[in-house]
Amino acid sequence: MAQQLMARVTCPNCRQTFGMPLEQILDVEMDPSAKARLLAGQVNLAVCPACGFASILEVPFIYHDPRKELALVYMPMAAGRTDMERQQAIGTLSRAVMSTLPQEQRKSYLLNPQVFLTYESLVNRVLEADGVTPEMLQAQRDRADLLKRFLEASTPEERMTIIQENEAMLDENFFRILSLNLEQADAMGLTDVFQRLMEVRALLLEHTAVGRKLAARSRALQALQAEPTREKLLDLLAETEDPATRAVLITFGQPLVDYLFFQKLTRRIESETDEETRQRLEALREEVMGIREHIRAQAREEVQAKLRLLRELLTSEQPELLARRRLVELDDLFLNVLASEMESAQQAGDRETLSRLQEVWQLVMRLLQEQVPPELLLLTQLMESPDEEAMRQVLEANSPMLTDSFLALLERVVQDMQARGEEEVAQKAARALELARTMKPAQPEEKRPPQRPSGLVMVRG
Ligand SMILES: [Zn+2]
């Protein structure tokens, strides 16, 4: 993997200089959060620690999405003086991506990445690959602008006027943008903005058609959560006019939608005397079956996808590299699928397949083990040490990890084990804690979480 480059940045606002790591390769398979960071304008976003001024650095990076066969290079004009320099930088980036790929994934699109001069245009290409059209983007921007006007309006009367003049734009899409902004304001601790957004939301829930529909949907869901029975689900479905709300109810109430549920529904249909209501209930039965089938088909497709990944791992020449790239997909469902394949192979007496599947199992287990936080691995090593001398050696070998937070973890283990009556384990942990205290480095280097950007407004270079 490419080494982490650091940049020295001078704040254009207050001239303060500071260092920050540079991102050069964004690979959505290796780092599933990369796409969200790109879309949020956070890639190589420099936030001045002194004044909070934020701007995106004009340094090249490559964005790689192997599923969509996207290799996109951000190459701002400032990044290279000559065409030659720029071509070389592009080549270096795409070769760096290639080197992390197993042989079978090295495809020709990587040799010829698309180049973008602005961050914005690269983002648009990524969205386009998701089926987001320029018209949809414009609609999104219009709604964001409208939200800004709501925030600027100081009285409820002004806000009501904006509602009346923009009925058409106040759709579910607008509510989604509103929710996202609420989450963001909350996460950033912008209480004032959060408060005003909540006021706008309350007004919209009451005074727009979509708002009333969404309010009804959340009431229906709450009612089902409060009383998760087949009867309640049936009542709610029968009285709900909005098909989208019914679909949400069925999805949430899926465990209740079984043979008994359909029996109850059929009984209701049979005992109904009003012809119109009876037809409505019959249509509802069709609808529930359709949605249930859809949910099941999705679950089957997920299993199929895991089977495909398993076959790829079995046939790849570099299974470890492939597994590392697809690590996020190696979840519980994958392990279940793998385990049941091993069972079938065993029952069929297919020794060769079984042993290849076992190799995949061991590989996956090893990679998952690597994901365990190092503090927990150290704790396990300590608790497995046969005697005090072994414990001391483990601690010595890991002395940089003996931070305040690790000591606090050990203290919690001691307390937990005492509370559970596991005296022997508790004593061992207490001994490790004592030893660790004497060996703790004088100036522990605690990892600090990254600072949050202090401004909402992002400047795109
Ligand atoms: Zn500054």
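Residues numbered from 1 in each chain as written. Predicted model: local features only at pLDDT ≥ 70, side-chain atom pairs only at ≥ 80, totals over all residues.

Thoughts on the overall build of the chain
Of regular secondary structure, the chain possesses 19 helices and eight strands. Its C-alpha radius of gyration of 29 Å places the chain more than 25% over the 23 Å reference for a compact globule of 461 residues. Each of the 461 residues in the chain was classed as buried or not, and the buried ones make up 17%. Of the contacts made within the chain by residues no fewer than 6 positions apart, 60% connect residues no fewer than 24 positions apart. (Helix = DSSP H or I, 4+ residues; strand = E, 2+ residues; numbered from the N terminus. Rg over C-alpha atoms; globule rule 2.2 N^0.38 Å. Buried ≥ 20, exposed ≤ 12 C-beta atoms within 10 Å, placed from the backbone. Contact = placed C-beta atoms within 7 Å.)

What about the sheet that holds strand 7 (residues 70-74)?
An order of 3-6-7-8 is seen for the four strands of this open sheet, with the pairing classed as mixed. Looking at which strands have only one partner, the edges of the open sheet turn out to be strand 3 (25-27) and strand 8 (114-116). Strand after strand, the sheet turns through a mean of 20° between neighbouring axes, direction not considered. As defined by bridge partners, strand 3 adjoins strand 6 (residues 61-65) across three bridges and the pair is classed as parallel. Looking at strand 6, one finds that Leu26 is bridged to Tyr63. Contacts from helix 3 (residues 119-129) reach strand 6, strand 7 and strand 8, with the element oriented near 170° to strand 7. (Pairing = 2+ DSSP bridges. Axes fitted to C-alpha atoms, helices over the stretch in contact; angles between N-to-C directions.)

With respect to the environment of Thr353
Looking at the secondary structure, you find Thr353 in helix 15 (residues 351-371). Through-space distance from the C-alpha of Thr353 to that of Met342 is 8.1 Å; in sequence the pair is eleven residues apart.

So, the packing of helix 10 (residues 243-252) against helix 12 (residues 275-315)
Between helix 10 and helix 12, the shortest axis-to-axis distance is 10 Å and the interhelical angle comes to 55°. The orientation of helix 10 with respect to helix 12, classified from their angle, is oblique. For the pair helix 10 and helix 12, the sense of crossing is right-handed. Counted together, Arg246, Ala247, Ile250 and Thr251 of helix 10 and Glu287, Val288, Ile291, Arg292 and Ile295 of helix 12 form the full contact between these two elements. (Parallel < 35°, antiparallel > 145°, perpendicular 65-115°, else oblique. Left-handed = near helix turned anticlockwise from the far one by under 90°.)

Overview of the pairing of strand 2 (residues 17-22)
By the criterion of burial, strand 2 is predominantly exposed, with just zero of the six residues buried. For strand 1 (residues 5-10) and strand 2, the ladder comprises six bridges, and the chain directions are antiparallel. Following the sheet pairing, Arg8 is matched in strand 2 by Gly19. Counted between consecutive antiparallel strands, the loop separating strand 1 from strand 2 contains six residues, among which Arg15 sits at a positive phi close to 70°.

So, the nonpolar core
Within the largest apolar cluster, 23 residues are counted, with the highest numbers of intra-cluster contacts made by Ile62, Tyr63 and Val73. Those elements giving two or more residues to this core turn out to be strand 4 (45-47), strand 5 (54-56), strand 6, strand 7, helix 2 (83-98) and helix 3. No other element matches strand 7, which puts four residues into this core. Ignoring any residue separated from it by four or fewer positions in sequence, one finds Val73 in contact with Pro60, Ile62, Ile90, Leu93, Pro113, Val115 and Phe116. (Core = buried A, V, L, I, M, F, W, Y, C linked by C-beta atoms within 7 Å.)

A word on the packing of helix 18 (residues 404-419) against helix 19 (residues 423-439)
Direction vectors running N to C along helix 18 and helix 19 enclose 160°, while the axes themselves pass 8 Å from each other. Compared by their axis directions, helix 18 and helix 19 come out roughly antiparallel. Here helix 18 runs over helix 19; the crossing is left-handed. Between helix 18, through Leu407, Leu410, Glu411, Val413, Val414, Met417 and Gln418, and helix 19, the contact on the second element is made entirely by Val425, Ala426, Ala429, Ala430, Ala432, Leu433, Ala436 and Arg437. Taken together, the residues that form the contact of helix 18 with helix 19 break down as twelve nonpolar, one polar and two charged. (Nonpolar A, V, L, I, M, F, W, Y, C, P; charged D, E, K, R; others polar.)

A closer look at the confidence of the model for the chain
Confidence along the chain averages 89 in pLDDT terms, with 95% of residues attaining 70 or more. The low-confidence segment residues 444-461 (pLDDT under 50) makes 31 contacts with residues lying over four places distant or belonging to another chain. (pLDDT = per-residue confidence, 0-100.)

With respect to unusual backbone geometry
Even without glycine at this site, Arg15 takes up a positive phi of about 70°. For Arg15, the location among the structural elements is in the loop between strand 1 and strand 2. Take Arg15: there are 10 C-beta atoms within 10 Å of it, and that puts it in the exposed class. At Asn44, a position not held by glycine, the phi torsion is positive, near 55°. Within the secondary structure, Asn44 is located in the loop between helix 1 (34-39) and strand 4. Judged by C-beta crowding, with 24 C-beta atoms within 10 Å, Asn44 ranks as buried.

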